[in-house]
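Working through the structure, step by step
Listed below, chain by chain, are the residues.
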Amino acid sequence: MATSVVPGLVSLNLPTLVTSRSSKGRGPVNSVSLPATTLVCPGCHTPQVSDRLRAKRRVCTISSSRLRWFQGESSRDISASRGRSASSLNSTHVISRDGSASASVSNRTSRNFARRSSLSCRFGALVSRGALPNNVLKPGVAQQRRSSSSDESLRCPGDCIAPRLIRSSRGLVARASAGHNEPHAVTWMPEEGIREKDEKDFLNGSEAETADVEEFLQSKLPSHPKLHRGELKNGLRYVILPNKVPPNRFEAHMEMHVGSVDEMENEQGIAHMIEHVAFLGSKKREKLLGTGARSNAYTDFHHTVFHVHSPITAQGSNEPLLPLVLEALHEIAFKPKFLSSRVEKERRAVLSELQMMNTIEYRVDCQLLQQLHSENMLGYRFPIGLEEQIQKWDPETIKAFHERWYFPANATLFIVGDIGSVSRTLQMIEAQFGSTPSAVVPSTNPTDTSPPKYKERHPIRPPVVHNFSVPGGPGLLKRPFVFQHELLQNFSISLFCKTPVQKVQVYSDLRDVLMRRIVLSTLQFRINTRYKSANPPFNAIELDHSDSGREGCAVSTLTVTAEPRHWEGAIKVGVQEVRRLKEFGVTRGELARYLNALLKDSEHLAAMIDNVPSVDNLDFIMESDALGHTVMDQQQGHESLMAVAETVTLEDVNAAAAAMLDYIADFGRPTSPLPAAIVACVPKTLHVENEGDKPFEITSDAILDAILAGLNGALSPEPELEVPKELVSPFQLAALRMMRQPSFVTVAERGTQLKHVDDSTGVIQRRLSNGIRVNYKLTQNEAKGGVMRLVVAGGRARETPEASGAVAVGVRTLSEGGAVGGFSREQVELFCVGNLINCVLEADEEFMCMDFHFTLRDGGMRATFQLLHMVLEHNVWLEDALDRAKQLYLSHYRSMPKSLERATAHRLMRAMFKGEERFIEPSPQAIERLSLSVVKEAVMKQLVTGNMEVCVVGDFSEEELESCLLDYIGTVTPESNVEVRKEFEAKEKPVVIDPSPAFEMRHQKVFLKDTDERACAYIAGAAPNRWGFTADGHDLNTLIEPVPPSLSEDQACNLAPPGVEVVKDNDGVLCWKRKRHPLYGSVAMTLLAEIINARLFTTVRDALGLTYDVSFELSLFDRLKAGWFVISVTSTPAKIQQAVEASLNVLRGLHGSRVNQRELDRAKRTLMMRHESDSKDNTYWLGLLTHLQAPSVSRKDVGCIRDLPYLYEVATADDIYNAYNHLCLDDESLFTCIGVAGAEAGKGTPVVEIEEEPSEVETFGGLPSHGRGLSTMTRPTT
């Protein structure tokens, strides 16, 4: 489940029973890691909240940064498939978001070991995919975000066809559509088509027609036609939505309208405590275990949510599960048992969770919320609660709070999924919940005989009063608040403006959202492109506007982050750019670009209307309800957006910009809204070269002076940019085809087959005449959408000692430059904006990869292939891009001593790999040695056609794709000298995990000075790679059995079936040697990880109460012959050693406590259901296709995809133990590292230090991932 380190949302957290899936795009590339809840724009280095956390926040974000970075939304989807191993064979290339370093990593500490990708790269800076208002037009589609066919009609609330406003010779006229499936195309709006309001022919119509437009804008938006709402007699409300993705599964969420803001002074944290006790104490919930259902819970400011994801019927028995799920939710919500034993068990879990959450990011979040909401309880009632109060509550106190708030009228039941009959579902809801009595308001008069009054829910959620930002004089201005802490390394400042939520219910509301999105997109793009020098005065500048259902308000935030010595210049730039946009406005070209990009993205989303997963539809509905928005389906949202887009004028957009930016651009003026809060988070010391650390001094007055400095000085308007319509012209393409003569050749070098088609999987394999191998699959998972991956074998494993970090920094340099051929970085970025292309470029230990997400509309696929062609053929290497790349890696490395998790993981990794720099973060001295020629050579040596594989999955035809392959991939310059590459590959050193480390290296401790106590630990050891190979030469996928002694060697050979060899072991004994299925080891190890995780949760967390978060994960190489496992555990300093010992006992206890059939069956069901669900996702298939033709991954073939379900089905406990016996678990092979933070941590022992030689390079500190959104909810309960 999602992990969030937030003061405002507390939740239960069951173990993540997968290997690398739990990292899902958030692991460290090159053993570098960033916070799991943080995305960082590599163009401006702006931290951004992850999708998973955003879904739990229910926030309507229309931030400019929410234009998807090249490594953004879609590449997140791509990275997810590369990071999950539910299939056992997906290539585990986890893409994480990078940029400015963080002072701490996620509490999901095992992500430090996801080994792939921390500083992954986008090529260029931003694209417009996903730039729609997240909570208005689309659900939070986690894996299939883009879509939308549309027609040219609007639905009215009464489900008739409302007129769509169409441009004609008579101005805006009404035009009806033939139906919601009418084909159409959205085309680019030229700049000259942008209207000015003062034009004489405004709207080319009469005053009456103009009045019709105004009337239209005030009409109501259409409501979702399939959404069923109702209320039982006892007040319980329900929402039902039939949805067939994934098939035969449904989501059931019980939302109780009670949270931390409802707690009294002595009840801080009790809402979260009840969540734990009610959920984990439910016997009926336990009955769902083993049925294929998954369940969890969380608490925020004003909600407690219990949710179940379940199949329609139980596997094996075919028993309907919806009645059982409803029964479990009923017991959890209205019939919990507050047993003393369960209360004590969950008290330990909550206290452990509290300590685990208390990172520097969490503390920063708390400060932001306290200042932003100083007038109400949102700034002080964080759901996790207060330790001293949590320790005191008895069962009766907890029960009393439950009786006060848990009643039917204070609950909403959401059911979304493949439920079949809605009426039958209603009957089951009535049968289960209808008899629950309504809650009666207690009477204060014992003689009162009047009819009872029933409890009702709060009419306003959250029930708080806000002081909104309004104009006022300087005397009313809040002085900036300064929060200083020793674990902070960067300077950051947030200027907040708080306003009421604008409920999106009529067309004019949607129009306002659209215009704000255009404004914010414009500002972010300008900042990213204007300041691209190697050393800008800031690390990141972001303007965000969010509607928060959890906070009950809308908040605009200007956030500026910088290296402490440059904080004044950074503030000045941020204020100046906001002021420039307010004074001069959006240009015609900018309006045309971003409006059309939004419309194209909306169209793409609408086409996905029948492919959106139930959980994403449900999240969207819950978010919209919390904000008071009208819920539309994707088609309605697109039609509505198209209609309001016709009415958008340049003058109106600039008026919206002025209103939104006024609180900054006119800061301090009587007519300007007053900021709700100004909060600066700063370090306590500043590192000065040759002088060491000096106190960092800053005052509120100095901050105000810096803001005012940005308001002065002359500004010039933004110049227009020329946007290329194509990167390869038809003339250039014709010349390339004539010169290269591209064609398809035999798939196997010595074969005769030009095309290999596997009918059972639909996978097609090809090879181009220049040597590039191609795998592709046609799907309809995403209408008119596709994904593509270029994979190049090599990665950091081929770095040399004298050029350590060259591949990592080189890939980042290529990405930072963003230019190709004669096109500038800005032009490439805008080309991608117009064609809805997402692209991410990264390097890990084994490979370099470039991932794309694209639409097939309006030539999007050809545009994507053009971009890939230009990157391969005409890449541009720039010194300033190298400087930026080096600074990013330096910043990330030097922030490590202020992160307990990263420092602990780094120490252990150094011990495991004996300081081998290819598998740990590049050191500052290594980074400083790198030159442009060195990093370019390191990358380009690998980037040759004979070393490339291209995989494509999407809704295209074979003819369309193969035309693009021949035109743009087949015309890439062929490799000139194969022998040179092979010689280069032969020099690669094998992976070595230290087989006999000294005791002090095997068991280490890290201490970190901090005001609060925390502890974490890692346990790690060697394991096979994905294909069964171990570093010491063993092979899990090879079975060696002794020949009966009575047989001679000849007899043994005669009896051996085909493929079985007769060999002699080390003692000269005859043996039969047979090869198992190539995927055998991967399947066995994945099942083993599921079982170990379940046991860790049951024992270490649940029974012993030593931790809130413990997990077992496998890091499995594909090409390199090695792998490793890691157990991550968090606890208190007093209990961390016990937690480590308990985790080790579980890990080593599988022989003493054998895996039973029930455990194995449950693991199989979990992985099989995940595989079935993920098979509806293009990016998952992209992972399955990766390496199918890679010579360096010889064991992977199409049979691995085809046979996966069968291998899960036939796996036995003996197979699990075969994998288990290949883990290095003896004392001499295990590595542990314990990290302890606190005021007294390591007294008498040196605190954490990162080895580093003196350097004259200026450092940029890492920025903690924070923002008030991280402070609105707790972690998932389980």
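For the structure itself, consult the block above.
First, a word on what this report is: a plain description of the structure on this page. (Residues numbered from 1 in each chain as written. Predicted model: local features only at pLDDT ≥ 70, side-chain atom pairs only at ≥ 80, totals over all residues. Heavy atoms only, no water.)

**With respect to helix α37 (residues 1213–1220)**
Within α37, seven of the eight residues are buried, leaving the element largely enclosed by the surrounding structure. Along α37, the residues classified as buried are Ala1213, Asp1215, Ile1216, Tyr1217, Asn1218, Ala1219 and Tyr1220. (Buried < 20%, exposed > 50% of the residue type's maximum accessible area, 1.4 Å probe, protein only. Helix = DSSP H or I, 4+ residues; strand = E, 2+ residues; numbered from the N terminus.)

**Side note on unusual backbone geometry**
Leave glycine aside and you will find that most residues have negative phi; peptide bonds, for their part, are mostly trans. A cis amide bond links Val245 with the next residue in sequence, Pro246, at an omega value of -5 degrees. As for its position among the elements, Pro246 is in the loop between β11 (237–242) and β12 (249–256). Put simply, Arg461 and Pro462 share a cis peptide bond, and its omega is -5 degrees. Topologically, Pro462 is positioned in the loop between α11 (422–433) and β16 (481–485). Residues other than glycine seldom take positive phi values, yet Lys784 does so here, at roughly 55 degrees. On the secondary structure map, Lys784 appears in the loop between β26 (773–778) and β27 (785–793). On the accessibility criterion, Lys784 (37% relative accessible area) is partly exposed. Phi is positive for Lys914, which is not a glycine, with a value near 55 degrees. Its location among the elements puts Lys914 in the loop between α24 (900–912) and α25 (924–929). Note on Lys914: relative accessible area 56%, which makes it exposed.

**Thoughts on the sheet that holds strand β34 (residues 1061–1064)**
Neighbouring strands of a sheet are bound in pairs by backbone hydrogen bonds; such pairs are parallel or else antiparallel. Across the sheet, which stays open at both edges, the three strands sit in the order β33-β35-β34 with antiparallel pairing between neighbours. Strands with a single pairing partner mark the edges of an open sheet, and in this sheet they are β33 (1038–1042) and β34. Each strand of the sheet is rotated relative to its neighbour by a mean of 35 degrees, with strand direction disregarded. The pairing of β33 with strand β35 (residues 1070–1075) spans five bridges and is antiparallel. Following the sheet pairing, Glu1041 is matched in β35 by Trp1072. (Pairing = 2+ DSSP bridges. Axes fitted to C-alpha atoms, helices over the stretch in contact; angles between N-to-C directions.)

**Quick word on the sheet that holds strand β32 (residues 1014–1023)**
Ordered by their spatial adjacency, five strands build an open sheet running β31-β38-β32-β37-β36, and the pairing between neighbours is mixed. Taken across any chain shown, the strands that pair with only one partner, and hence form the sheet edges, are β31 (1003–1009) and β36 (1110–1116). Direction aside, the axes of adjacent strands within the sheet are offset by 15 degrees on average. In this sheet, strand β37 (residues 1123–1131) lies alongside β36 in antiparallel orientation, the contact comprising seven bridges. Pairing of Leu1116 across the sheet is with Gly1123, part of β37. Each of β36 and β37 is contacted by helix α31 (residues 1080–1103), which is oriented at about 160 degrees to β36, the strand it contacts most. (Contact = heavy atoms within 4.5 Å.)

**Examining the packing of helix α12 (residues 507–530) against helix α13 (residues 567–584)**
Running from N to C, α12 and α13 point in directions that differ by 130 degrees, and their axes come no closer than 11 Å. Comparing the axis directions of α12 and α13 gives the class oblique. For the crossing formed where α12 meets α13, the hand is right-handed. Contacts from Val519, Thr522, Leu523, Arg526, Ile527 and Arg530 of α12 reach α13 at Glu577, Val578, Arg580 and Leu581. (Parallel < 35°, antiparallel > 145°, perpendicular 65-115°, else oblique. Left-handed = near helix turned anticlockwise from the far one by under 90°.)

**Focus on the nonpolar core**
Ranked by internal contacts, the top residues of the largest apolar core, which has 71 residues, are Phe491, Ile493, Leu514 and Leu558. Not counting residues within four places of it along the chain, the set of residues in contact with Phe491 comprises Val560, Thr561, Ala562, Pro564, Trp567, Ile571, Ala680, Cys681, Val682, Pro683 and Ile698. Core analysis: the second largest hydrophobic core is formed by 63 residues, Val828, Cys832, Ala863 and Val952 among them. (Core = buried A, V, L, I, M, F, W, Y, C linked by side-chain atoms within 4.5 Å.)

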